[in-house]
There are 2 protein chains.
Amino acid sequence: VDLARAKGVRAALTDALREGVRTGRLAPGTRLPPSRSFAADLGVARNTVAEAYGELVAEGWLTARQGSGTRVAPGAPGAPGTVTRTPRPASAVGSAPGPAAGETPHHRMTGAPDVSGFPRAAWLSAARRALAAAPNEAFGYGDPRGRPELRTALAGYLARARGVRADPERIVVCAGFVQGLMLLARALAADGATAMAVESYGLRPHRELITGAGLRTVPLPVDEHGARTGDLDGLGGVGAVLLTPAHQFPTGVPLHPDRRAAAVAWASGMGGLVLEDDYDGEFRYDRQPVGALQGLDPDRVVHLGTASKSLAPALRLGWMVLPEHLVERVVRVRGVAERQSGALDQLTLAEFIAAGSYDRHVRGMRMRYRRRRDQLVTALAEQAPRARVTGIAAGLHAVLRFPPGAGAAVLRRAERWERGMAVEGLDAYRYADPSDEDRDALVVGYGGPPEHAFAGALEALCATVREALAEIP
Amino acid sequence: VDLARAKGVRAALTDALREGVRTGRLAPGTRLPPSRSFAADLGVARNTVAEAYGELVAEGWLTARQGSGTRVAPGAPGAPGTVTRTPRPASAVGSAPGPAAGETPHHRMTGAPDVSGFPRAAWLSAARRALAAAPNEAFGYGDPRGRPELRTALAGYLARARGVRADPERIVVCAGFVQGLMLLARALAADGATAMAVESYGLRPHRELITGAGLRTVPLPVDEHGARTGDLDGLGGVGAVLLTPAHQFPTGVPLHPDRRAAAVAWASGMGGLVLEDDYDGEFRYDRQPVGALQGLDPDRVVHLGTASKSLAPALRLGWMVLPEHLVERVVRVRGVAERQSGALDQLTLAEFIAAGSYDRHVRGMRMRYRRRRDQLVTALAEQAPRARVTGIAAGLHAVLRFPPGAGAAVLRRAERWERGMAVEGLDAYRYADPSDEDRDALVVGYGGPPEHAFAGALEALCATVREALAEIP
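What you see is a predicted model; the values in this text were computed from it and never measured.

### Considerations on the packing of helix H13 (residues 406-414) of chain A against helix H15 (residues 451-471) of chain A
Residues and elements named next belong to chain A.
Here is step 1 of the chain: One can describe the packing of H13 onto H15 by two numbers: an axis separation of 9 Å at closest approach and a directional angle of 135 degrees. Considered as vectors, H13 and H15 are oriented oblique to each other. Along this stretch, H13 crosses H15, giving a crossing that reads as right-handed. The residues of H15 that touch H13, namely those facing Ala406, Ala409, Val410, Arg412, Arg413 and Ala414, are Thr464, Val465, Glu467, Ala468, Leu469 and Glu471.
Here is step 2 of the chain: Looking at side-chain class alone, the contact of H13 with H15 contains seven nonpolar, one polar and four charged residues.

Pasting the structure below:
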């Protein structure tokens, strides 16, 4: 008990002295009282003071020199010329500045899922089973491809749900689609590739990432049948192409069977690589899902999937199904800094898939998004028949096409929304030279709002569209 | 029910056809029977066959041309010249090749913690509370610095346990020390820095990472008082220094108070930066922990911590406490690909710290490691008095110093161990020009073995050392 008390006293004393130095009350060079007399003043044991001094000397706050006593160190933080920064008040904690400059807040992202649907209870019980079953080695540094439990579960799921020919040995778990794309672009660049073709509509950050990895991007035109993969043969120096075959992002068309075949034929003919971004292949409404392109040629197509749409972006879990010759190269490019995603979430997702919870959850969310899509189409047809809704066979977004001038008018008004759906001009996704038609088309993300807020968000959209159309002759 | 049955039949049919094409039984160009007659043969509805054909056409397995019927597509996977890869048998799944080339398996890493001590039950209950309390937005794309709950919990813990002056606004959560180092090196390089000083003993992968980020490394000699930070002034062009002040890795000396002061004085005098790798600052045995260097000058010292030693490497969680002016720059360098660690683990760790479980766990593991260290020292003193044990005031490893020639003899024998402690020559950590003395010093990691295996591992070490010493005159 005495020892505990002494420790408490010493801690209080060191804190007080640190604080004194920090605030400048104890200026650098100030001589502190000898431990014996200071202890007497404080009514504590001499050792307690001596130990506190020793600790602060070890930490560099104080100096102790024979003959000169204990002094505040010359370089200590309160020294003149050093700006003493007081921590922000606690109330500011948590009011983080949100996304960094240039990033879009979640409710403004046109591909955002409804994270209020995250299956918390089922996830927790999968975590319980995963923690109970995990071998000790799962807590150490693991296989750079990710946990074998998850790769095995994914191989089964992807074969069944997406027609992917997935061998667990050729799956690499990553922190989401974007990390996967980065690793692939770097691996290709390291192998001497110089350019990657991208769809002429797509996400600018993806293109920037490819450029950042050292590859030129070359646009591949997108029309009503998807990307014109037949044009690939004419693109000089292009060794890879990034496609969204199931549901072109953001125009929403599925890649035509002939175009699928052409992509694979190009890759196999010239030794190229197709990167299949299967971001929302699970959310198809009109019929059976379009199978993954990868199934056509697993040696030429990389299948990239993510839990960001189906579960939550915050999990930071995605996966790549790779041709065998790419596995080692991607792992090597990844290096030690990004060697794996957190193992506990990986084990939990493996359990979640194995228990059928993933299928159940995807089914439930598919119904939810489909209902929203139907309501969106119906409401616009009733309230704004001049707006044409396209790209709606799948996914979490639609493209609304307006008469000339109306697109910009809707956008101007939508900017004032506090919450609601994500709305952006199609021109923002254009590789280059957006047309007037692009400017009058809006990408509307209906996935993002939580379920209880969807009706209000839809109402706000319709009202905005009505007002904007009223301006247009 | 009929619909469900039809769906099941269709699925079975598409699977069988895909399998036929895959294995080459259905060669490219093969004409399939018309849906009507095929349906009659199979005794199913014609629509079921037509839909199966349609699906496979959409996926590119088959082609359907007016007048030519339905055929296996020319580019389909079974085509001649395409190597059909059969998945490895299920028994191979999970027998992953382990760490990639050049990586060290966990039980051979000298800094490895005992992951069998992972607090599964306490972690699960923290996860339960975290999942229950998390706002919906926690499941979306979050603050690139990490969850505010965790940054707040860390700020409190680091101030209390390590004397870090930690404002949650200046903490960036990352995937471990190595990722933090990479981000800092990239941020410095982007800012025009050209070189970073490193301790003359340390981990080669860290040096390679710095070089990979575009900075030259310059060695700073390490002696019995730690790194000679007084020499920093003489190193031209060096804008930053990476130090392990609490417990030099791997020699094990704490940085002398004068050296601590000199590092901070150098940084403040020339506008440089000190990177404090506090990898095992919590596992100090001889007295109160040495406070973090960062406390001396939070504007010049970056404090880097990790859950890899204290909890488990598999969590992939670390943190940086940054000077204010570096926060935005590090976030920018991180970019979208590595924007954050998994939010659920972050929320769970925040709960785990707030509930006092982290302190409790660290205390328990500190006792465990201390006991091992004591047993190691005692056993070697008894069985191999010619081996000198150093660097043992803290951490999960020790340095054993041997008479000339004995170090190599121990290493040769230890290579045959299947499991046991991690053992490596000190020369492997040397920046350049290892001395004979380095070759006769071994870094022994006693943290790695699970508790039940420690006694055996210690016995193996002692027997190996005895045998090796018996060879030496």
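There is more to say, and it comes next.
### Topic: the packing of aromatic side chains
Here is step 1 of the chain: Enumeration according to the criterion identifies 18 aromatic pairs over all chains in this entry.
Here is step 2 of the chain: A network of ring pairs unites the aromatic residues Phe118, Trp123, Tyr157, Phe352 and Tyr358 of chain A together with Phe139 of chain B as a single cluster.
Here is step 3 of the chain: Directly above the ring of Tyr201 of chain A sits Arg430 of chain A, whose terminal nitrogen or CZ lies 4.8 Å from the centroid.

### A look at the nonpolar core
Here is step 1 of the chain: One finds Leu349 of chain A together with Leu349 of chain B to be the most contacted residues of the largest nonpolar core, which totals 139 residues.
Here is step 2 of the chain: For Leu349 of chain A, the residues in contact, after removing those within four places along its chain, are Trp123, Leu150, Leu311, Leu317, Trp319 and Tyr358 of chain A.
Here is step 3 of the chain: Within the second largest apolar cluster, 43 residues are counted, among which are Val218, Val241 and Leu293 of chain A together with Leu32 of chain B.

### Structural notes on the pattern of salt bridges
Residues and elements named next belong to chain A.
Here is step 1 of the chain: On inspection of all chains with the given rule, the structure shows 50 salt bridges over all chains.
Here is step 2 of the chain: In this structure, the salt-bridge partner of Glu351 is Arg129, at a minimum N-O distance of 2.9 Å. One end of the pair, Glu351, is in helix H11 (residues 343-354); the other, Arg129, is in helix H4 (residues 120-133), and 222 residues separate them in sequence.
Here is step 3 of the chain: On the basis of relative accessibility, which here comes to 33%, the residue Arg129 falls in the partly exposed class.
Here is step 4 of the chain: Put simply, Asp278 and Arg162 hold a salt bridge, and the shortest N to O gap is 2.7 Å. Of this pair, Asp278 sits in the loop between strand E9 (273-277) and strand E10 (301-306) while Arg162 sits in helix H5 (residues 148-162), placing them 116 residues apart in sequence.
Here is step 5 of the chain: Under the relative-accessibility criterion, Asp278 is labelled buried at 8%.
Here is step 6 of the chain: Taken together, the salt bridges that share partners define one network made up of Asp114, Arg368, Arg371, Arg372 and Glu451.

### Brief notes about the packing of helix H11 (residues 343-354) of chain B against helix H12 (residues 357-383) of chain B
Packed helices, taken two at a time, are described by the angle between their axes plus the distance between the axes.
All names here are of chain B.
Here is step 1 of the chain: At a minimum axis distance of 5 Å, the contact between H11 and H12 shows a crossing angle of 75 degrees. Accordingly, the angle class assigned to the pair H11 and H12 is roughly perpendicular. Where H11 abuts H12, its residues Leu349, Phe352 and Ile353 lie against Ser357, Tyr358 and His361.
Here is step 2 of the chain: Looking at the contact of H11 with H12 residue by residue, the class counts come to four nonpolar, two polar and no charged.

### Quick look at the sheet that holds strand E13 (residues 397-401) of chain B
All names here are of chain B.
Here is step 1 of the chain: Reading across from one edge, E12-E13-E15-E14 is the order of the four strands in this open sheet, with antiparallel pairing throughout. Of all the strands in the sheet, the pair left with one neighbour each is strand E12 (388-390) and strand E14 (422-425). With direction set aside, neighbouring strand axes in the sheet form an average angle of 25 degrees.
Here is step 2 of the chain: Where E13 lies against strand E15 (residues 441-445), five bridges are found, and the strand directions are antiparallel. Within E15, the residue paired with Ala398 across the bridge is Val444.
Here is step 3 of the chain: Set on the sheet, helix H13 (residues 406-414) makes contact with E14 and E15; between it and E14 the angle comes to about 140 degrees.

### Here's the deal with empty space enclosed by the protein
Here is step 1 of the chain: Scanning the entire structure with this criterion turns up six cavities of 30 Å³ or more.
Here is step 2 of the chain: The volume enclosed by the largest cavity comes to roughly 240 Å³.
Here is step 3 of the chain: The wall of the largest cavity is formed by 22 residues, among which Ala175, Gln340 and Ser341 of chain A together with Gln340 and Ser341 of chain B lie closest to the centre.
Here is step 4 of the chain: Class assignment for the residues of the lining of the largest cavity results in six nonpolar, eight polar and eight charged.
Here is step 5 of the chain: Roughly 150 Å³ of internal volume is contained in the second largest cavity.
Here is step 6 of the chain: Counting only elements with at least two residues in the lining of the second largest cavity, the list comes to H4 and H11 of chain A together with helix H4 (120-133) and H11 of chain B.
Here is step 7 of the chain: Among the elements that take part in the lining of the second largest cavity, H4 of chain A stands out by supplying five residues, more than any other.

### Regarding the sheet that holds strand E5 (residues 216-220) of chain B
Residue and element names in this part refer to chain B.
Here is step 1 of the chain: Across the sheet, which stays open at both edges, the seven strands sit in the order E3-E11-E10-E9-E8-E4-E5 with mixed pairing between neighbours. Bordering the open sheet on either side are strand E3 (171-174) and E5, each of which pairs with just one other strand. Each adjacent strand pair in this sheet contributes to an overall mean axis angle of 20 degrees, direction not counted.
Here is step 2 of the chain: Sheet topology note: the E3/strand E11 (residues 318-321) ladder contains four bridges and is antiparallel. Residue pairing for E11: Ile171 is matched across the bridge by Val321.
Here is step 3 of the chain: Here helix H6 (residues 177-190) sits on the sheet in contact with E3, strand E4 (195-199), strand E8 (238-243), strand E9 (273-277), strand E10 (301-306) and E11, set at roughly 155 degrees to E10.

About the criteria used
Residues numbered from 1 in each chain as written. Chains lettered and ligands numbered in written order. Predicted model: local features only at pLDDT ≥ 70, side-chain atom pairs only at ≥ 80, totals over all residues. Heavy atoms only, no water. Axes fitted to C-alpha atoms, helices over the stretch in contact; angles between N-to-C directions. Helix = DSSP H or I, 4+ residues; strand = E, 2+ residues; numbered from the N terminus. Parallel < 35°, antiparallel > 145°, perpendicular 65-115°, else oblique. Left-handed = near helix turned anticlockwise from the far one by under 90°. Contact = heavy atoms within 4.5 Å. Nonpolar A, V, L, I, M, F, W, Y, C, P; charged D, E, K, R; others polar. Phe/Tyr/Trp six-rings, centres within 6.5 Å; stacked < 30°, edge-to-face > 60°. Lys NZ or Arg CZ within 6 Å of the ring centre and 35° of its normal. Core = buried A, V, L, I, M, F, W, Y, C linked by side-chain atoms within 4.5 Å. Buried < 20%, exposed > 50% of the residue type's maximum accessible area, 1.4 Å probe, protein only. Salt bridge = Lys/Arg side-chain N within 4 Å of Asp/Glu carboxyl O. Pairing = 2+ DSSP bridges. 1 Å grid on protein atoms, 1.4 Å probe; cavity = no way out; pocket = protein on both sides within 12 Å on 5 of 7 lines; lining within 4 Å. Points joined across faces, edges and corners; volume = space filled by probe spheres on them.

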